[in-house]
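If you want the building blocks of each chain, they are given just below.
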Amino acid sequence: MADDTNDINRIASSDRSTVRSAESGVSRRAVLGSVTGLAATGVGSTAVSATLSSSVSSPTVEGPIDGGSQTGGPLLAAPHDLDSYGYVEEEYFISGEARHDDSFADGEQAGKTSEYKTRVLVYRPKRRSDFNGTVTVEWLNVSTQMDAPVAWPNAYDSLMRNGTAVALVSAQKVGVDDSQTDRDLVSWDPERYGSLHHPGDQYALDIFAQAITALKPRGWDRWSTETDPMGPLRPEHALATGHSQSAFFLLRYINLAAPAYGVVDGFLPAGSPLTTARTDQAPILWFNSEDEAGGFGDIPQDGDTPEIDIPTSGLRLDEISIGPRDDEAYFVLWEVAGASHVNNWLRRWTEAVRRRDFRGLEPNWDPEAAGDYGQQPDGTYGECGYNYFPARYAWRAALEQLREWVTRGDRPPRADRIERTIEDGSVTLERDYFGNAEGGLRLPPLDVPVATYDAASCDLTGRTDRFDAATLDRLYPSHDAYVTAIRSASVAAVTRGHLLPRDARDLRQRAADSPIGE
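We now turn to the structure provided with this report. (Residues numbered from 1 in each chain as written. Predicted model: local features only at pLDDT ≥ 70, side-chain atom pairs only at ≥ 80, totals over all residues. Heavy atoms only, no water.)

Details of the overall build of the protein chain
Piece 1. Summing up its helical and strand segments, the protein chain has 15 helices and 13 strands in all.
Piece 2. Every one of the 518 residues in the protein chain was classed for burial, and the buried ones make up 61%.
Piece 3. The contacts in the protein chain between residues at least 6 apart in sequence include a share of 76% that link residues at least 24 apart.
Piece 4. Carbon and sulfur atoms make up 44% of the accessible area of the protein chain, which amounts to about 18,300 Å² in all. (Helix = DSSP H or I, 4+ residues; strand = E, 2+ residues; numbered from the N terminus. Buried < 20%, exposed > 50% of the residue type's maximum accessible area, 1.4 Å probe, protein only. Contact = heavy atoms within 4.5 Å. Areas by Shrake-Rupley, 256 points an atom, 1.4 Å probe, with all protein chains shown as cover.)

Printed below as a string of structure tokens:
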């Protein structure tokens, strides 16, 4: 794993002029804050309107795409099973003319457009009867100088079991044709992707909107079903998600593009402490880990913080509130205690994909091993061994709760904020006897602990310190005592709406299979 996954989420920006390597000392907060200037402020009214607008262009669609000189399939093809879920994986190219970002703010470039061609990777049920009517669209993260999904790896099981279609959009230039590490689509497989081109991230908002229009078009006068990304399916709702850097862009989309377009019915931005989204467009369930609860705590508060050198910037880091935002009628914030910005499950999924795509080996994705939350004695714990907290369970619950909110009007349950002290511009998270965060959305491994989950260290990847044998024996004098405690905590989490029933069963089985208390 040492060659290609330890750098996940370390390169901060798609604007190559601002990129520094991990070796040059880029900090975890630099990653979180590097594109802060992309966010437009302004929290609006509480009226919700997700109306379709004719102002967003419908792109030209080409596909399904096949062939190429690498794997014969798409970059980022799923390493996990699809057939048993009744799903297909297909890749499409979309192209057209995209608006400059300033079009949404009547800026100097308001009338400027540029041609583009990018890709959308689609996962959908084969049968119309298995489709729940919702497509979840993920803005792929490019912090590692290549496309990378986050929501999809964390939640693929529940998304496919409940019949949600998923689309991964290459919305930014780095992922398409401008990677410093030659891991962009065009460099990776010029035979398959050589026709793609991206005019720059100042056009990304419109490109993302056009991708959604290709998935959920206005009316049903669609193009041939042979080139329709959704095949025979007819989506009624589109949800948008993006993590970390992608969440900054998604925030900008909410505040600038959504009022003009309205093609998104619900948003799940994740992994960003900057939550200044307007709430008059569509419901927002904001998903943060413990890492983001620290905000921009190490940003100097002396007024000397420089502005970020990114187009359309202007917002200063020292103007950003570091406290958590309150819930509103159409805004709910989940702060997941114990979770890190990048978790072990995501690391292992990414490793499997890169093992296949860049080394020509079998992807060796093992969900049983990846799902270890510290209950097994042979995990890769210790210093910078990654955070093993099972944040995927919260991801799955969040996406399902957002879908229920949009489709049925059932507002997601609230979650406590992680407890913190804010003093002189710095944030200190409150911790319990074991060193785990107090408060927040709590999953059973925090209430029935077997480890300390460090979310803030190791450059966004965290670490896991499994309790020693004496501590485990003291806490759980028998195996039954541990399994019973996990069962009770999982029932409570399901009742709160923070854990899906199937994931509760998975967690209980993992506890039963563990040696804890034996």
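Concerning empty space enclosed by the protein
Leftover empty space is mapped by rolling, across the atoms, a probe with the size of a water molecule.
Piece 1. One pass over the full model with this rule turns up four cavities of 30 Å³ or more.
Piece 2. Put simply, the second largest cavity is a space of about 80 Å³.
Piece 3. Forming the walls of the second largest cavity are 16 residues, and the residues nearest its centre are His243, Phe287, Ser340, His341 and Trp395.
Piece 4. The element that contributes the greatest number of residues to the lining of the second largest cavity is strand E8 (residues 284-289), accounting for three residues. (1 Å grid on protein atoms, 1.4 Å probe; cavity = no way out; pocket = protein on both sides within 12 Å on 5 of 7 lines; lining within 4 Å. Points joined across faces, edges and corners; volume = space filled by probe spheres on them.)

A word on the state of the cysteines
Piece 1. For the coordinates displayed, the defined rule picks out one disulfide.
Piece 2. Each sulfur in the disulfide pair cysteine 384 and cysteine 458 lies 2.2 Å from the other. Since a negative S-S torsion denotes a left-handed disulfide, the cysteine 384-cysteine 458 link at about -90° is left-handed. Placement of cysteine 384 in the loop between helix H10 (367-370) and helix H11 (391-408) and of cysteine 458 in the loop between strand E12 (451-454) and strand E13 (463-466) is noted, with a sequence separation of 74 residues between them.
Piece 3. Judged by its relative accessible area of 15%, cysteine 458 is buried. (Disulfide = S-S within 2.5 Å.)

Comments concerning the environment of leucine 285
Piece 1. Following the sequence through the fold, leucine 285 ends up in strand E8.
Piece 2. Accessibility expressed as a relative area gives 0% for leucine 285, which makes it buried.
Piece 3. Note: C-alpha distance between leucine 285 and tryptophan 405 (120 residues apart in sequence) is 9.4 Å.
Piece 4. The residues touching leucine 285, leaving out its near neighbours within four places in the chain, are Phe267, Leu268, Pro269, Val332, Trp334, Ala398, Gln401, Leu402, Trp405 and Pro412.

Thoughts on the packing of aromatic side chains
Given two aromatic rings, their pairing is described by the distance between the two centres and the angle made by the two planes.
Piece 1. Evaluated as defined, the whole model comprises 18 aromatic pairs.
Piece 2. Relative to tyrosine 453, the ring of phenylalanine 389 has its centre 5.2 Å away and its plane inclined at 75°; by these criteria the two rings are edge-to-face. Within this pair, whereas phenylalanine 389 is found in the loop between H10 and H11, its partner tyrosine 453 is found in strand E12, the two being separated by 64 residues in sequence.
Piece 3. What links up through ring pairs into an aromatic cluster is the set Tyr123, Trp152, Tyr156, Trp345 and Trp365.
Piece 4. Just above the ring of phenylalanine 331 sits the side chain of arginine 325; from NZ or CZ to the centre is 4.0 Å.
Piece 5. It is arginine 392 that lies over the ring of tyrosine 393; its NZ or CZ is 4.5 Å from the centre. (Phe/Tyr/Trp six-rings, centres within 6.5 Å; stacked < 30°, edge-to-face > 60°. Lys NZ or Arg CZ within 6 Å of the ring centre and 35° of its normal.)

Regarding the pattern of salt bridges
Piece 1. The tally for this structure, following the rule as stated, stands at 27 salt bridges.
Piece 2. Close ionic contact of aspartate 157 with arginine 161 constitutes a salt bridge, the shortest N to O distance being 3.0 Å. Residue aspartate 157 and its partner arginine 161 are both found in helix H2 (residues 151-161); the two are separated by four residues, about one turn of the helix.
Piece 3. On the basis of relative accessible area, arginine 161 is assigned to the partly exposed category, the value being 45%.
Piece 4. With a closest N to O distance of 2.8 Å, aspartate 503 and arginine 396 form a salt bridge. Here the residue aspartate 503 occupies a position in helix H15 (residues 501-513), and arginine 396 occupies one in helix H11, the gap between them amounting to 107 residues.
Piece 5. Here arginine 396 falls in the buried class, since its relative accessible area comes to 5%.
Piece 6. One salt-bridge network, in which partners are shared between bridges, spans Glu400, Arg403, Glu404, Arg408 and Asp410. (Salt bridge = Lys/Arg side-chain N within 4 Å of Asp/Glu carboxyl O.)

Some thoughts on the environment of valine 137
Piece 1. Within the secondary structure, valine 137 sits in strand E4 (residues 134-139).
Piece 2. Classification of valine 137 by relative accessible area gives buried; the value is 0%.
Piece 3. In sequence terms valine 137 and glycine 242 are 105 residues apart; their C-alpha atoms lie 8.5 Å from each other.
Piece 4. Those residues in contact with valine 137 that sit more than four places away from it in its chain are Ala167, Val169, Phe208, Ile212, Leu215, Leu239, Ala240 and Thr241.

Here's the deal with the nonpolar core
Piece 1. Tyr123, Trp152, Leu268, Phe287, Trp334, Val450 and Tyr482 are the most contacted members of the largest nonpolar core, which has 83 residues in total.
Piece 2. Element by element, the count of residues in this core is highest for H11, at ten residues.
Piece 3. With near-sequence residues (within four places) excluded, valine 450 lies in contact with Tyr373, Gly374, Gln375, Pro445, Arg466, Phe467, Leu472, Tyr476, Tyr482 and Ile516.
Piece 4. Phe104, Phe249, Ala282 and Ile284 belong to the second largest nonpolar core, which has 51 residues in total. (Core = buried A, V, L, I, M, F, W, Y, C linked by side-chain atoms within 4.5 Å.)

Remarks on the packing of helix H14 (residues 479-496) against H15
Piece 1. It is the contact of H14 with H15, at a shortest axis distance of 9 Å, that shows an interaxial angle of 170°. Classified by the angle their axes make, H14 and H15 are roughly antiparallel. Facing His479, Tyr482, Val483, Ile486, Arg487, Ser490 and Val494 of H14, the residues of H15 in contact are Pro501, Ala504, Leu507, Arg508, Ala511 and Ala512. (Axes fitted to C-alpha atoms, helices over the stretch in contact; angles between N-to-C directions. Parallel < 35°, antiparallel > 145°, perpendicular 65-115°, else oblique.)

Focus on the sheet that holds strand E5 (residues 165-169)
Piece 1. The nine strands lie next to each other as E1-E2-E3-E5-E4-E6-E7-E8-E9, forming an open sheet whose pairing is mixed. Among the strands making up the open sheet, the edge pair consists of strand E1 (60-62) and strand E9 (331-336). Averaged over all neighbouring strand pairs, the angle between strand axes comes to 20°, with direction disregarded.
Piece 2. Bridge count between strand E3 (residues 113-125) and E5: four bridges; the pairing is antiparallel. Residue pairing for E5: leucine 121 is matched across the bridge by leucine 168.
Piece 3. Docked against the sheet, helix H7 (residues 245-261) engages strand E2 (87-99), E4, strand E6 (237-243), strand E7 (266-270) and E8, running at close to 155° with respect to E7.
Piece 4. Along the sheet face, H11 touches E4, E6, E7, E8 and E9 and points at about 170° away from the line of E8. (Pairing = 2+ DSSP bridges.)

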